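Summary of the model geometry
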Amino acid sequence: MLNAKVSKLLNEQITKELYSAYIYLDFSVFYEAQGLDGYANWYMVQAQEERDHAMLFLKYLQQNGEEVNLGMIDKPDKPLLSLMDPLKAGLDHEQYVTGLINDIYAAAYDVKDFRTMQFLDWFVKEQLEEEKNAEDMIKKMELFGNDSKGLYSLDAEYAARMYAAPSLVL
Ligand code: FEO
C-alpha cells in the first residue's frame, strides 16, 4: 500500500499525462493544417508517448493495489498562431511536467517510498530528454525556419520520427 499523498499525486499524473497527449495532438492538428506533415507526425508520435506515460502511472498504481481515479482532461488551451507557438508551449509544458514529477519524487522521498522513487527514476531521465527535444526544436526553428528551404528540410527531418514503445515495462 502506498502513502495516501503519493498515491493521490500518482493518480493525478495519469490525467496530466493524458492532457499532455491532448495538447500534442492539438499541435499535430495545427501543423497538419499548415501543410507541415513532418511536424504533425512528430507531435502525433509525441501524443502516443504521452499516452504511454499515463498507462505506466496507471499500471504502477494497479500493481501496488491502489485505487485508480481518472480525472477530467482539460481542453487544449495553448494559443497557436505562429509556427513557433507550439514549440515554445511544448517547452513550457515539459518544464511544468518535470516539476510535477519532482513533486511526486519529493513526496515519495519524504515517506521513504524507495519503490516509487525507483519507478520515477525513468521519468526523471525521460524529462531531461523531453526538455532537450523541445529546446532543440525551438533552436532549429530560429536558425532555419525563416527560410522556405530550411523549413522544408526541418519538416522532412520530423517526418522520419517513428513511434517506439517506452523502455520502461511494468
Ligand atoms: Fe510525459 Fe512529456 O512528459
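Here's what I pulled together on the structure shown here. Keep in mind that what you see is a predicted model, and the values were worked out from it rather than measured. (Residues numbered from 1 in each chain as written. Predicted model: local features only at pLDDT ≥ 70, side-chain atom pairs only at ≥ 80, totals over all residues. Heavy atoms only, no water.)

Time to look at the environment of Phe57. Checked against the element boundaries, Phe57 lands in helix α2 (residues 37–63). Each C-alpha atom of the pair Phe57 and Phe114 lies 16 Å from the other, and the pair is 57 residues apart in sequence. Sequence-distant contacts of Phe57, defined by excluding residues within four places in its chain, comprise Leu10, Gln13, Ile14, Glu17, Ile101, Ile104, Phe119, Leu120 and Phe123. (Helix = DSSP H or I, 4+ residues; strand = E, 2+ residues; numbered from the N terminus. Contact = heavy atoms within 4.5 Å.)

Right, let's get into the packing of aromatic side chains. Counting across every chain of the model gives 14 aromatic pairs. Ring geometry for Phe30 and Tyr31: centres 5.3 Å apart, planes at 70 degrees, overall edge-to-face. What links up through ring pairs into an aromatic cluster is the set Tyr24, Phe27, Phe30, Tyr31, Tyr39, Trp42, Tyr43 and Tyr158. Stacked on the ring of Trp42, the Lys or Arg Arg161 has its end atom at 4.1 Å from the ring centre. (Phe/Tyr/Trp six-rings, centres within 6.5 Å; stacked < 30°, edge-to-face > 60°. Lys NZ or Arg CZ within 6 Å of the ring centre and 35° of its normal.)

On the surface, Tyr22, Leu25, Val29, Met44 and Ile73 cluster together into a nonpolar patch covering about 410 Å² of accessible area. Broken down by element, the residue count for the nonpolar patch peaks at three residues, all from helix α1 (residues 4–34). Relative to the elements of secondary structure, Met44 occurs in helix α2. A relative accessible area of 38% places Met44 in the partly exposed class. (Patch = residues over 30% accessible without salt bridge, like charges linked within 9 Å, V, L, I, M, F, W, Y side chains within 5 Å. Areas by Shrake-Rupley, 256 points an atom, 1.4 Å probe, with all protein chains shown as cover. Salt bridge = Lys/Arg side-chain N within 4 Å of Asp/Glu carboxyl O. Buried < 20%, exposed > 50% of the residue type's maximum accessible area, 1.4 Å probe, protein only.)

Helix length check: helix α4 (residues 114–144), at 31 residues, gives a terminal C-alpha distance of 45 Å against a target of 45 Å (1.5 Å per residue), a fit within 8%. At Leu120, α4 is bent by approximately 30 degrees, the largest bend along its length. (Expected span 1.5 Å × (residues − 1). Bend = angle between axes of the 7 residues up to and from the residue.)

This paragraph deals with the pattern of salt bridges. Under the defined criterion, the tally for this structure stands at four salt bridges. Across the pair Glu12 and Lys8 runs a salt bridge whose closest N-O atoms are separated by 2.9 Å. Pair noted here: Glu12 and Lys8 are both in helix α1, with a separation of four residues, about one helical turn. Ionic pairing is found between Asp136 and Lys132, a salt bridge with its closest N-O pair at 2.8 Å. Taken together, the positions of Asp136 and Lys132, both in helix α4 and four residues apart, correspond to about one turn of that helix. Classification of Asp136 as partly exposed rests on a relative accessible area of 24%. Assessed through its relative accessible area of 46%, Lys132 is described here as partly exposed.

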